[in-house]
Amino acid sequence: MPDETLSQRLSVEGADPLLLTGVNDVNLNELAKLTAVRVSLRGDVLTLAGDPEAVARAVPIAQRMIDAARQRVIFDADDILRASLEQARDAGAANGEVRIVLPGVRKIIQPKSPGQAEYLRAIAEHDIVIGIGPAGTGKTYLAVAAAVDALSRKRVRRIVLARPAVEAGESLGFLPGDMQAKVDPYLRPLYDALEDMMPAERMQRALETRTIEIAPLAYMRGRTLSDAFVILDEAQNATNAQMKMFLTRLGANSQTVITGDKTQVDLPRREESGLLQIERILRGIEGIAIHYLTDVDVVRHRLVRQIIKAYEEDTAGNGSRG
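Here's a quick rundown of the structure. (Residues numbered from 1 in each chain as written. Predicted model: local features only at pLDDT ≥ 70, side-chain atom pairs only at ≥ 80, totals over all residues. Heavy atoms only, no water.)

1. Comments concerning the overall build of the protein
- What the protein contains, in helices and strands, is 11 helices and 11 strands.
- Considering the protein as a whole, with its 322 residues, one finds that 44% of them fall into the buried category.
- Summarising the internal contacts of the protein: among those between residues at least 6 apart in sequence, 67% fall at separations of at least 24.
- Surface summary for the protein: the accessible area is close to 17200 Å², and the carbon and sulfur share equals 50%. (Helix = DSSP H or I, 4+ residues; strand = E, 2+ residues; numbered from the N terminus. Buried < 20%, exposed > 50% of the residue type's maximum accessible area, 1.4 Å probe, protein only. Contact = heavy atoms within 4.5 Å. Areas by Shrake-Rupley, 256 points an atom, 1.4 Å probe, with all protein chains shown as cover.)

2. Some thoughts on the packing of helix α9 (residues 240-247) against helix α10 (residues 274-281)
- Put simply, α9 and α10 touch, their axes get as near as 8 Å, and they point 60 degrees apart. In the crossing of α9 with α10, the sense of the turn from one axis to the other is right-handed. Taking contact as the criterion, the partners of N240, M243 and L247 in α9 are, on α10, G274, L275, Q277 and I278.
- Class assignment of the residues belonging to the contact of α9 with α10 gives a composition of 4 nonpolar, 3 polar and no charged. (Axes fitted to C-alpha atoms, helices over the stretch in contact; angles between N-to-C directions. Left-handed = near helix turned anticlockwise from the far one by under 90°. Nonpolar A, V, L, I, M, F, W, Y, C, P; charged D, E, K, R; others polar.)

3. With respect to the nonpolar core
- Counting 37 residues, the largest nonpolar core has L194 and F229 as the members making the most contacts within it.
- Counting only elements with at least two residues in this core, the list comes to β4 (100-102), α5 (114-125), α6 (139-152), β7 (158-163), α7 (179-195), α8 (200-208), β8 (212-216) and β9 (228-232).
- With 9 residues, the top contributor of residues to this core is α6.
- Leaving out residues up to four positions away in the same chain, F229 has contacts with I123, A143, A146, A147, A150, V156, R158, I159, V160, Q255 and V257. (Core = buried A, V, L, I, M, F, W, Y, C linked by side-chain atoms within 4.5 Å.)

4. Some words on helix α2 (residues 26-35)
- The set of residues buried in α2 consists of N27, L28, E30, L31 and T35. In a view along the axis of α2, the buried residues occupy a sector of 160 degrees, so they form one face of it.
- Positive backbone phi, at 60 degrees, marks A36, one or two positions downstream of α2. (Arc of directions from axis to C-beta.)

5. Details of the sheet that holds strand β6 (residues 128-132)
- Within the open sheet, the 6 strands sit side by side as β8-β7-β9-β10-β6-β11. Their pairing is parallel. In the strand order of this sheet, the two ends are held by β8 and β11 (288-292), each with one partner. Recorded for the sheet is a direction-independent mean angle of 15 degrees between the axes of neighbouring strands.
- Here β9 runs beside strand β10 (residues 255-260); their pairing, made up of 4 bridges, is parallel. By the bridge assignment for β10, I231 is matched with V257.
- Set on the sheet, α6 makes contact with β6, β7, β8, β9 and β10; between it and β9 the angle comes to about 170 degrees. (Pairing = 2+ DSSP bridges.)

6. Things to note about the environment of I307
- Along the polypeptide, I307 turns up in helix α11 (residues 302-321).
- Taking the C-alpha atoms as reference points, I307 and D295, 12 residues apart in sequence, are found 9.4 Å from one another.

7. Regarding the packing of α5 against α6
- The contact between α5 and α6 brings their axes to 11 Å, and the two run at 40 degrees. When the axis of α5 is compared with that of α6, the two are oblique. Between α5 and α6 the crossing geometry is right-handed. Taking contact as the criterion, the partners of Q116, Y119, L120 and I123 in α5 are, on α6, K139, L142, A143 and A146. (Parallel < 35°, antiparallel > 145°, perpendicular 65-115°, else oblique.)

8. Examining the environment of N253
- Residue placement: N253 occurs in the loop between α9 and β10.
- Residue N253 is classed as partly exposed on the basis of its relative accessible area, which comes to 49%.
- Excluding residues that lie within four positions of it along the chain, N253 makes contacts with R155, V156, D227 and A228.

9. A look at the environment of A62
- Note on placement: A62 falls in helix α3 (residues 52-70).
- When the C-alpha positions of A62 and V12 are compared, they lie 9.9 Å apart, and in sequence the two are 50 residues distant.
- Among residues more than four places away in sequence, those in contact with A62 are L10, L31, L46 and L48.

10. Observations regarding the pairing of β7
- Of all the 6 residues making up β7, 5 are buried; the element is thus mostly covered by neighbouring parts of the structure.
- With 5 bridges joining them, β7 and β8 adopt parallel strand pairing. Bridge pairing links R163 to P216 in β8.

11. A short note on the sheet that holds strand β1 (residues 6-11)
- Taken in spatial order, the 3 strands of this open sheet run β1-β3-β2, and their pairing is antiparallel. Of all the strands in the sheet, the pair left with one neighbour each is β1 and β2 (38-42). In this sheet, neighbouring strand axes are inclined to one another by 20 degrees on average, regardless of whether the strands run parallel or antiparallel.
- Two elements, β2 and strand β3 (residues 45-50), share 5 bridges in a ladder whose sense is antiparallel.

Bear in mind that shape data such as this cannot, by itself, settle questions of function.
Here it is as structure tokens:
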């Protein structure tokens, strides 16, 4: 039995043909590629044909293209992509899914595990979220995605990303260059996450205008961070005093995500870790969520999960023998 197909005809009367189709039909081709429907224009009729669900997705986007062309407003391939991503996001929200749409890089960030979905939901619903879990669980990546989304939607005016510059077996003094050059390697993972979510030129412009700031935790002292999405990464290496300083920087209309891995404390004394302290003392405060990710949420190479479990078992075994 042949697959069911649907054909939908839309009137384009009064629409500017070039604005509607784009040069060499680029707009029609983009619509066809994104929605998996066949698109054809004959006279004053635009026809969409294909799977009923695909056609249903394509119709509202095509209608926006037609309306824009009638008003002599440019609605190009990027606008078609944005409309498609917005539609996917809205559909996901209606189904209770958690996803982040990043039109600039043509990407949808969505959780790869129930734990990651709960983490994103916590970020959406709380002013302060503390994400605790091992490497590879997406703690930082998802937090940065949420920050970029908040900035693009103008919910905040800037993004502030901070990390403690803690010497984990290597000495900062032996690194070449000035202080900024010495700490940049510690901040590189934050740059990497941003580069995956923003066009290079837009990211560079945001850094130059300080719309996005990436800095060592020590640089936060004495500041008030208002209208900002603030992320403290590798928080297990912030001391108790640094953590208190950081948390009290939070200003009006700001949101904070703190991420860390309790198994990778590089401080001279583990009990000085600010992450361990806030895990104890901030629990139960309204507006603050503590979310735990586990090896089940690891999304890196499949061996990372097994490596994490091996270390956990070794630690537990040493503890029981001690």
